[in-house]
Every structure is written in C-alpha cells, then in structure tokens.
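Fold and contact review
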Amino acid sequence: MPTRVAARTASKPRREASSPELRPGRSFQDLILTLQMYWGEQGCAILQPYDMEVGAGTFHPATTLRALGPKPWNAAYVQPSRRPKDGRYGDNPNRLQHYYQFQVIMKPSPPDIVDLYLESLTRIGLSHEIHDIRLVEDDWESPTLGAWGLGWEVWCDGMEVTQFTYFQQVGGFDCNPASGEITYGLERLAMYVQGVDRVFDLDFTGRDDERKLTYGDVFLQAEQEFSRYNFEHASTDILLQHFRDAERECGSLLEKGDAGGRHLMALPAYDQCIKASHIFNLLDARGVISVTERQSYILRVRDLARGCCAAWLKTEGGGA
Amino acid sequence: MPELLLELFSEEIPARMQRRAAEDLKRLVTGGLAAQGLAAGEAQAFATPRRLALVVNDVPARSPGSAEERKGPRVGAPEAAIQGFLKAAGLGSIGDASVVSDAKKGDYYLARIERPGRGAGEIVAEVVPDVMRRLPWPKSMRWGWQTFTWVRPLHGIVCLLDGEVVPFEVAGIESGNITRGHRFHGNAPFAVGGFARYVKKLRASKVLLDPAERIEIIEARARELAGKHKLQLVEDAGLLAENAGLTEWPVVMMGHFDEAFLQVPPEVIITSLRTHQKCFALRDVRRTASKARAGERVAGAGSTVGEQRQLANRFLLVANLEAEDGGAAIVAGNEKVIRARLSDARFFWEQDLKKPLDEMATALRGVTFHEKLGTQWERVERIAELSHRIAGAVDAVPEDARRAAQLAKADLVSGMVGEFPELQGLMGRYYAESAGTKPEIARAIELHYKPKGPTDTVPKEEEGDSVAIAVALADKLDTLVGFWAIDEKPTGSGDPYQLRRAALGVIRIVLENDLRLPLGKFLRQCLALQTTTVKSPLGLADGLLDFFADRLKVHLREQGARHDLIDAVFALPGQDDLALVVKRVEALGAFLETDDGASLLIGVKRAASILAIEEKKDRTSYDGDYDLRLLEAPEELALAAAIESVKQDTAAAIAVENFKGAMRALAELRRPVDAFFDKVTVNVEDQRLRQNRLRLLSQIRTATMTVADFSRIAG
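**Some details on the overall build of chain B**
A tally of regular secondary structure across chain B gives 26 helices and 18 strands. In terms of overall size, chain B is more extended than a compact globule, its C-alpha atoms giving a radius of gyration of 36 Å where 715 residues would be expected to give roughly 27 Å. When the accessible surface of chain B is summed, it comes to about 31,900 Å², and 50% of that surface belongs to carbon and sulfur atoms. Across chain B, the centroid of the 97 positively charged side chains sits 2 Å from that of the 101 negatively charged ones.

**Considering the overall build of chain A**
In terms of regular secondary structure, chain A is built from nine helices and eleven strands. Rg of the C-alpha trace for chain A: 21 Å, near the compact-globule value of 20 Å for 320 residues, within the 12% margin. Dimensions of chain A, computed from C-alpha atoms along their principal axes, come out at roughly 60 × 45 × 35 Å. A separation of at least 24 residues holds for 66% of the contacts in chain A among residues at least 6 apart in sequence. On chain A, roughly 13,100 Å² of surface is accessible, and the fraction owed to carbon and sulfur atoms is 51%.

**So, the environment of Lys-206 of chain B**
As for its placement among the helices and strands, Lys-206 of chain B is situated in the loop between α4 (195-204) and α5 (211-228). It is 5.5 Å that separates the C-alpha atoms of Lys-206 of chain B and His-182 of chain B, two residues lying 24 residues apart in sequence.

**A short note on the packing of aromatic side chains**
Residues and elements named next belong to chain A. Under the criterion given, the structure shown has 31 aromatic pairs over all chains. Considering the side-chain rings of Tyr-89 and Phe-231, the 5.9 Å spacing of their centres and the 25° angle between planes classify their relative orientation as stacked. Of the two residues, Tyr-89 is situated in the loop between β2 (73-82) and β3 (98-107) and Phe-231 in helix α6 (residues 215-233); the sequence distance between them amounts to 142 residues. You can call Phe-231 partly exposed: its relative accessible area is 23%. Positioned above the aromatic ring of Trp-73 is the side chain of Arg-66, whose terminal nitrogen or guanidinium carbon lies 4.2 Å from the ring centre. Of note, Arg-300 hangs over the ring of Tyr-297, and the distance from its end group to the ring centre comes to 5.1 Å.

**Notes on the pairing of strand β9 (residues 180-185) of chain A**
It is a general feature of regular strands that their side chains alternate between the two faces of the sheet. Residues and elements named next belong to chain A. With respect to burial, β9 is a largely interior element, five of its six residues being buried. Alignment of β3 against β9, held across six bridges, turns out to be antiparallel. Across the sheet, residue Val-104 finds its bridge partner in β9, namely Ile-182.

**Some thoughts on the pattern of salt bridges**
Note on pairing: side chains with opposite charge can pair once their charged atoms come close. Residue and element names in this part refer to chain B. If you walk through the whole model with that rule in mind, you get 70 salt bridges over all chains. For Arg-690, the salt bridge identified is with Glu-614, shortest N-O distance 2.6 Å. In this pair, Arg-690 sits in helix α26 (residues 687-705) while Glu-614 sits in helix α22 (residues 595-618), placing the two residues 76 residues apart along the sequence. Overall, the relative accessible area of 6% leaves Arg-690 in the buried class. Since its relative accessible area comes to 4%, Glu-614 is described here as buried. Beyond isolated ion pairs, a larger network of salt bridges with shared partners links Arg-379, Arg-382, Lys-409, Asp-475 and Asp-478.

**Thoughts on empty space enclosed by the protein**
Enumeration according to the criterion identifies four cavities of 30 Å³ or more in this entry. Roughly 110 Å³ of internal volume is contained in the largest cavity. The biggest single contributor to the lining of the largest cavity is strand β4 (residues 133-137) of chain A, with three residues. The residue makeup of the lining of the largest cavity includes at least three contributed by each of domain 1 (4-61 + 120-204) and domain 3 (211-353) of chain B. Looking at the second largest cavity, its volume works out to about 80 Å³. Taken together, Asp-132, Arg-134, Trp-155, Asp-157 and Gly-158 of chain A together with Asn-243, Gln-277, Lys-278, Cys-279, Leu-317, Val-318 and Asn-334 of chain B make up the full set of residues lining the second largest cavity. Of the residues assigned to the lining of the second largest cavity, the class counts are four nonpolar, four polar and four charged.

**Brief notes about the interface of chain A and chain B**
The interface is formed by 41 residues belonging to chain A together with 44 residues belonging to chain B. Approximately 3,700 Å² of surface area, both sides summed, lies buried where chain A meets chain B, with 54% of it carried by carbon and sulfur atoms. Where chain A meets chain B, there are six salt bridges. Here Asp-139 of chain A makes a salt bridge to Arg-152 of chain B, at a shortest N to O gap of 3.2 Å.

**Let's talk about unusual backbone geometry**
Of note, the amide linkage connecting Asn-176 of chain A to Pro-177 of chain A takes the cis form, showing an omega dihedral of 10°. Of note, Pro-177 of chain A is situated in the loop between β8 (173-174) and β9. Here Ala-171 of chain B, not a glycine, exhibits a phi torsion of approximately 55°, which is positive. In this structure, Ala-171 of chain B sits in the loop between β9 (169-170) and β10 (173-174). Since its relative accessible area comes to 15%, Ala-171 of chain B is described here as buried. Within the chain, Lys-230 of chain B stands out as a residue other than glycine whose phi angle is a positive 55°.

**Things to note about the nonpolar core**
Most often, soluble globular proteins have nonpolar side chains that are buried together. One finds Trp-39, Tyr-184 and Tyr-215 of chain A together with Met-132, Trp-150, Ile-157 and Met-416 of chain B to be the most contacted residues of the largest nonpolar core, which totals 134 residues. With eight residues, the single largest contributor to this core is helix α9 (residues 328-354) of chain B. Filtering out sequence-adjacent residues up to four positions away, Ile-157 of chain B remains in contact with Leu-6, Glu-7, Leu-8, Met-132, Phe-168, Val-170, Ile-173, Glu-174, Ser-175 and Gly-176 of chain B. Core analysis: the second largest hydrophobic core is formed by 104 residues, Leu-447, Val-467, Val-585 and Val-680 of chain B among them.

**Topic: the confidence of the model for chain B**
Residue and element names in this part refer to chain B. For chain B, the average pLDDT comes to 90, and 97% of its residues sit at 70 or higher. A low-confidence stretch, residues 293-308 (pLDDT under 50), is modelled with 34 contacts involving residues beyond four sequence positions or located in other chains. In the predicted complex, the global pTM is 0.81; the interface-specific ipTM is 0.91.

**A word on the domain arrangement of chain B**
The parts lose accessible area when they come together, and the size of an interface is often stated as this lost area. Residue and element names in this part refer to chain B. For chain B, the assigned domains read domain 1 (4-61 + 120-204), domain 2 (70-115), domain 3 (211-353), domain 4 (358-560) and domain 5 (589-712). The C-alpha centroid of domain 4 is placed 33 Å from the C-alpha centroid of domain 3. Each partner contributes to the interface: domain 3 provides 22 residues, whereas domain 4 provides 18 residues. Roughly 1,500 Å² of surface becomes buried between domain 3 and domain 4 when both sides are summed, with 64% attributable to carbon and sulfur atoms.

What counts as what
- Chains are numbered independently. Their residues run from 1 in the order of the written sequence.
- The order in which chains are written sets their letters, starting at A; the order in which ligands are written sets their numbers, starting at 1.
- The predicted nature of this model means local features are confined to residues of pLDDT at least 70 and side-chain atom pairs, given and counted, to a pLDDT of 80 or more, with totals for whole chains, interfaces and linings taken over all residues.
- Side-chain metrics in this entry use all non-hydrogen atoms of the structure; hydrogen atoms and water are not considered.
- Per the convention used, a helix needs a DSSP run of H or I reaching at least four residues, while a strand needs a run of E reaching at least two, with both numbered from the N terminus.
- When we talk radius of gyration, it's over C-alpha atoms, and the globule rule is simply 2.2 Å times the number of residues to the 0.38.
- Note on areas: Shrake-Rupley with a 1.4 Å probe; residue coverage comes only from the protein chains shown.
- Counted as positive: Lys and Arg. Counted as negative: Asp and Glu. His and the chain ends are not counted at all.
- Here the site of a charge means atom NZ of a Lys, CZ of an Arg, CG of an Asp or CD of a Glu.
- Throughout, a residue-residue contact means that at least one pair of heavy atoms, one from each residue, lies within 4.5 Å.
- A pair of aromatic rings is counted whenever rings of Phe, Tyr or Trp (Trp by its six-membered ring) have centres within 6.5 Å, and the orientation is called stacked for planes under 30 degrees apart, edge-to-face for over 60 and tilted otherwise.
- Only protein chains enter the accessibility calculation, which uses a 1.4 Å probe; a residue is then buried when its area is under 20% of its type maximum, exposed when over 50%, and partly exposed in between.
- Lysine NZ or arginine CZ positioned within 6 Å of the ring centre and within 35 degrees of the ring normal marks a charge as sitting over the ring.
- Paired strands, as defined in this entry, are two strands with at least two bridges between them according to DSSP.
- What counts as a salt bridge is simple: a side-chain nitrogen of Lys or Arg found within 4 Å of a carboxyl oxygen of Asp or Glu.
- Throughout, the protein atoms alone are placed on a 1 Å grid, and a set of points is a cavity if a 1.4 Å probe fits but cannot get out or a pocket if it is open with protein on both sides within 12 Å along at least five of seven lines; lining residues have an atom within 4 Å of a point.
- Grid points are joined across faces, edges and corners, and a volume is the space filled by probe spheres set on the points.
- Residue ranges for the domains trace back to a domain assignment, done automatically or taken from a database.
- Each residue gets one label: Ala, Val, Leu, Ile, Met, Phe, Trp, Tyr, Cys and Pro are nonpolar, Asp, Glu, Lys and Arg are charged, and the others, such as Gly, are polar.
- The quantity reported as buried area is the accessible area (1.4 Å probe) lost by two parts once they are put together, taken as the sum for both.
- To define a nonpolar core, start from buried Ala, Val, Leu, Ile, Met, Phe, Trp, Tyr and Cys residues and group those joined through side-chain atoms within 4.5 Å.
- Here pLDDT means the predictor's own confidence in every residue, given as a number from 0 to 100.

Below is the structure:
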C-alpha cells in the first residue's frame, strides 16, 4: 500500500539523524540523554531537577506554576521523585522510594504533541514497527495540587511507560491555554529497553570495563537506608512541627508578597507548599495519619497550592 | 437520494465511551436534520479509538418549503401596530402586504409569508456543528488555545453530502474530505468519497470501522488460537468489547506464563489478566479432566463463580499492530508484564495465607463502614448475631451461621481484595478452605454477597447453603436497617448504597427458597442491634416493610403478576411474610380466571359500590352484624348462611396456608350473591329492612377480606 510506504520512508531519515553515540538501550544515562536531546530539538528548554524533595515531576514549578497563565512555555527535565511509602528496603524488583521521572511540558499543547511523543519512543529504541503502542484512558488528578487533566497511560506491549495529560486545572484555576504534560517513568522504561527484570540490575553507564556501574551500585544502599528512615525512624514530632512551620511560612509569604495587583514572592511561597507536601508524605509513610486526618492534611496542602497559584497569576511569569 | 458521511477524527477516545458517543451522534444528527424538515433514511454510526463516523442514507436534497398567511391590523391602524406587524411578518414595508376587504369589520392587511425549502447542505452545515457542541461526553477537555471541548483533541472533520464537502468550521478545523488510517500502518492522509469507498479505504489503511466486526474478529481469532492448542477461551463479553475499543486493527496473539503461577486461584489469574492487561485467560480442558479422574482437588473446584476448571498457563492478548517481527517483541513484552502482575498476585496470595482469617477479621476494627454506622467490625458483630437468629428459620445450624458471619468480611483487609476488590468473598472462602473451615461456612463467606445483581443466582437450601442464606439475609437486613436509621434512604434520583438491590436480594432469596420468614420480626431484632440511636423505631420498621412491599411489587410485576392483585393482598394487615404474599397473589390470580371468581368479583364490587353510595348518603357506616331476624327473602337467608360458612371455611384454609382451598371456599359465595342481587331490592322503603340489607352486604366485603381486599382489584 502506498500510504504505508510513505509513512515509513518519512520516519526513517529522522531516526538515522539521531546521535549514533548514544545507546539508550544500553545504559540508563544514555536513555536520559537521548530524551533530553530529543526534546531539546523540539524546542523545549532542558531544565535541571528542582532542588527540593517532591513526589513527582509535576511539582516542579516549571510545571505546576508555568502551566498557569497565557505565556507559552516548553520545557523538559529529569526530576528525582520521592514516594516514602513506596520504599521496600531494596527488596522489591520494581518498587523504589526514590526514582526518576522525565517530564515534558508544552504550553499551549501543540497539535502534533502525540506524534512528537511517539517519535521519542522510536528514538529510545521502541519502534512502532515491532512494538504495540497504545493510548489507554487514564485521567490524572492531584488532590494536593488541586489539579486535574484528561489523558492516557501509554502502553508499550502491555506495559505502562508514560502518563500523558492535557492539563485542565491547576490550583483550582483553569489552564488557559491548556498544556500537554508527558511523564516518563525512567527506571521502568530503562528496564524494558535493557531487558532487565530487577531495577537494581539496570546498567547505568553502559561500559564493560572496570567503570561498569549498575543502578544498584548507585541506589541500593540509599533505598535500604531511606526505607528505615521513612518507615521507622523519622521523628514524627519533628515532622509535624516542620509541617506546621512550612504551612505557616507559606501563608506568611503569600501575605507579605501581596502588593495589590502584583505578587512579589509566589515562588518562595510555593517552595514552602512543596515542603509541606513532602512532609505530609513522610508522615503518611510513618503511619501516624489516620484515614480521616489524611483528608484534612490533603486539603491543607491544597489550600497552600491554591494560594501559590493565585499569587503566581499576579506575577510576570503568570502573565500579569 | 444523497448520502451524508460524517467522520470526527480525534486522538484516542476512551474505549468505554465509544459506543455511546456513536449512538448519541446518530441520534442528535438525524434528530437535528428532521427538526429542519429533512426526513432522511436509515443511519448507521461507528466508532474506533480515533474516530466517530456516521452515514445517513437518502437525505432529501431540500427541505420542503412552507407558506403561511398572517393577519395584520386594519387599514389605518396606529403606526406602532403597523410596525409591529411588519416586524413579526418579516416584511420590509407595508406595500409588501396585501389588503383584504371586509365589509363588516373594515379592510385589514394580510401578509403572505413564504418560506422556501432549504438545501440539505445548508442544513447539515448548521446541524453538525451544533451537535458537535452538544454531544454529551462523560468528560471532555480543552487543548491548546481551544475553547471548544471534546473528549480528546479533535484533528479532522469529514463531512460529505453526496460526495461533496459541506463546508463549516468547528474548533478551528475546517470540514473537508481528508482522513487518515491506522496510527502506525496508514497514517498518511487520504481523500474520501462516499461511505462504501470510505470503509474500503480505511480497511486498506488497516482500520476496521465497525466495532462489531472488530469484536467478531477478536472472538473468532481467539477461539481459533485456543482451539489450535486444545484450549478453551474463558468467555468475557465486556473484555471483548473493551479490546475492540482499544484497537483499529486487532491482532490476537498467545503468550505464556510460568506454570507455577497456577497455584494461585484461577479467578485471581483471570481477574489480573483482565483488569490490568486486558488479556483473556484460557482453560486447559484435558488437564481438568485428568485431574478430576485422578481425584485430585482442582483449584477452585466447586466454586460457584464458574471457573471450576483448571486454567492453562497461557493467555491471549489483543494488539493493534501487525508487527514486522510477527509479534515476537509484543508477546515478549506482555509476558514480562504479566509475569510481574502474577508475581504480585502470588505474593498477595501467599502473604494472605499466612494470616488466619480471624486475625484479618480483628483488623476490621480499623476499617470504617460508614461514618455514622461505625466500623466494619461492629457491623460484623451485628450480622453475626442476626445470622444466628435467622438460622433457625432457614434450617441452618445457628452456631455455623454466627461463625460464617464473623468471617464473612475478613478478606476485606487481605492483600488480594485490596488489589482486586471484585474478589471479595471468594478470597475469604479460599482462605477459609485452606484453613480447614467447615465447607458450608467457607461457602457462606463467598455466597453471602449474592445475589450481586438481577441476573446473579441466590444461595439455595437444596444445595446445602442454608448457612449462606442466613448470613446473606442478615447482611442485607443490617444494611437496610442501618441506612434507614441514619435516613439515607434511596430517592427517586439516587440509591448510592444500593439499598434497592439489597431489598430485592432478600426478596429473591426468600422466594427462590420458599422461605417462611416473618420479616417484621427480624427487622425489629435487627433494629434493636443497631448502635445508632433511632428516633422512631416502630415507624422505621413499618417504613422498611413498605419498601419491601414496593420492591416485591416491582419484582412480581417483572415476572408478569398483576400489580392490582399484589395491592389487594398487601392491603390486608400483617403481610410481612413474602412467600405467603406471593402464594396468595398466585391463588387469587388463578381464582379470578375462573367463572366463579370473575362473577364473584363483579358481585363484590357491586355490593361495595352500593355501600359506598348509601354510606355517603346516610353519612354512616354499615360495617357490623346484620340482624338475622330481619332477613325475609329466601335469597337473603341463603346469602347470610353462605357468608357465615365461607368466613369459617376461608379462615380455616388460610390458617393452614391453603390458599387454593380458601379460594374454593370463597367460590361458594358466588351463586348466593348473584341470586341476592337478582331477587332482592336493597333500597326499600322500610329503613330497618334497608339498613339490615346494607349490613348484610358489608359482610360480603368482610368475608372476602380474609383473602384479599377486592376493592383494589381492577375489573
């Protein structure tokens, strides 16, 4: 069929143009570098991780805050993500309390964003000529951020490799224009392209010499130690105090930064919101938050997020 | 006549929404055309993951024109009236109107408004954008700078009338004749003409437009693959439809998993394959047979879920790709994911088995059932007590019923049910069986949730499930009483706690087992066990009985019973024994089919209507005994005698629940009643005589009241 041939020949030269020296199927770092290169080519600013503990790449102000307001914004970055409850002392082949997400945010969402994403899979070795790529309904909601969107989880041969979301609201505010958010679970993706069953066996550097390094060499000890901390030893009294402090500081910054039509400290206030959110996650892992309390904590963080988003909309970045 | 072809091309539409969206599109577009005077022919709608399509046949080229005459003000009327008329009639000046002479009332203006028919294209260009704005997606979204909302970003609109593009614009997209095929096999744009060519071209681009065809292909190919390996497909219509909604070009393939996973109950494997991976499980017919012969216990044997037979360590997946490597990578990838999923399931299974059910049950202390109704633990205690009491009425060992109830909810805290809530009950049964619990108790843990819906079965006494019956009834009664107590009754618009289903469950268990259960008594006992304070306990029990009566009416009506007969029986006092109510209704229905029954009904109705009129006239009631001495006519005496014997006979028959007998006894009234109305005049001059006869009539009512309230019977 002519259509089929045309589609193939169109996609081939582009793939050959990708850097031959990167081998995303061989090492974890090459996977990351390939994605960075690719999204850089698409006009995304390649940012660095946010320097705070967050539960997901969405929390980076480059997504949460930049998704709001009319200004175009295109960025991609790796974000170390901490989920204290998911730690398994390094015993589970898939579960980690610290892992990496690769996050892409494009505002306004370009009409070809799905095609751009699919091409990125080809770049990392998941060619749609042999892999079954499917977009399966999965809407996203973050109760702590007061954010939601519609989209899919992307399946590759039955495995979820990406969360794809069109943001509709953040902090309770409409996203106008709407952003497209793409979140790759890097370890899972790497395990698939490397053909590895245990995350700690991932090849990190892709070398056969004495500088060969696995994911476990880098992170296994951390998983064990942080699981102990998260589940057993984190001082709940101190954490509770930290939560209250972050909450109070956030409120205070929101108030002090408010200069009428403008806001002068949306970003520092948002840092405190991030902090409160992570401390809540730690407290949750320590098992000291009951079911009913849980909801009230979530609402407290959401109030902070809402306040920060409102403040952001009164800054230059927010289009004020 | 021309054909209308519409395709709305978008990013991937959730599988569960496709069918409904296609139906809505068809309904709204054909409805919209009809409202504009275009009575089109047959329409068909289709959906794939990336498109909704609609073809409407025989669209008339134009809508019919219309002409209308509008009477205006008289000639010389005030300017305001003239202007109002011109505006209403759509005329430019009064010269456009004609003048009608009328000698009596004076001349007046008349406007002839002619509306020419409109071209179909013009109408379609109006209707389709309007429908697109109104199509009721369960959830819809914005993208980019768009303010238009759709289920996912919209990319193309094909709108052709008789092969010609109908131009319009929605969401910044101009309608045209260009579409695309399969995302990976045929993504290059191509032009579309008529529907037949459209379907053909799509097929060439690896898209099967009709979901029914995709379902058929998946099913046929799945059976074929299973058969080739001497395996049997585990049927699942929902999964079939879902896969058809996830593929434009379905390709079925087979994968393996480690045989060791088959230690896990088959339902767990089936559920894991289905919910997480949308894959089909397969049964190994030969293995089942050989194990059964060897007397080996087959995992899940005797399970009522219907997965009694041994699964094979294979599965079927449905891809959306004809892969260049023949699918090797796809199968390998799916096997890898399924390995991880089944490892999780096995982990839960093994972990759960280490924990005794009693220990799990204790953990229910920490699980809230409902904010106002306490914890699951408290609820279990109530259900256990009530099960114990109900047991006697259903031939179950009371202590077994109590024990089963104590364990019935324990699996809610198991790892497996946490992962797969739909396996509640079944897992508890497995865990109980593995701990050597008595079989009827273990079965009760699974079966007490039944019936789960109108098509589900109920536990049966004759299958040895009396314990399950006791717990199932107690569970549902406690739910009903609890939510009634906190005033969370179902409303016309909603029934969030599925209380109607619970009541219907009780009704079906009672009727299908022919149980004699004084419902009122158990409702009151159940109420006494509640910890919530109830304002008016008696009113609550009565209210719930009324609710049961309503549900029973609905249930019987669905089975074809006459609702007036149900009303007639429920009008009698103390009707809380559902099985008896039904028997009475059946006997009454059969009786009314007979000559005697039909005539008697007429007689009773006639007596009632005479009574009603006279009682109203005299402002009194003629209830009560007549004076035997005042009876004169032989027909009067015969009727009185018949009434007395019928009263005794029906009461005696009903006392032994012999409703047919009661009806036969009642039939004895027919002739005396007929004869009475033939020969005896009720409204005679002599008031004493008249009143006595009216009292005699009232006794007909009383006599029939032992069986039913005849005044509620239609006819």
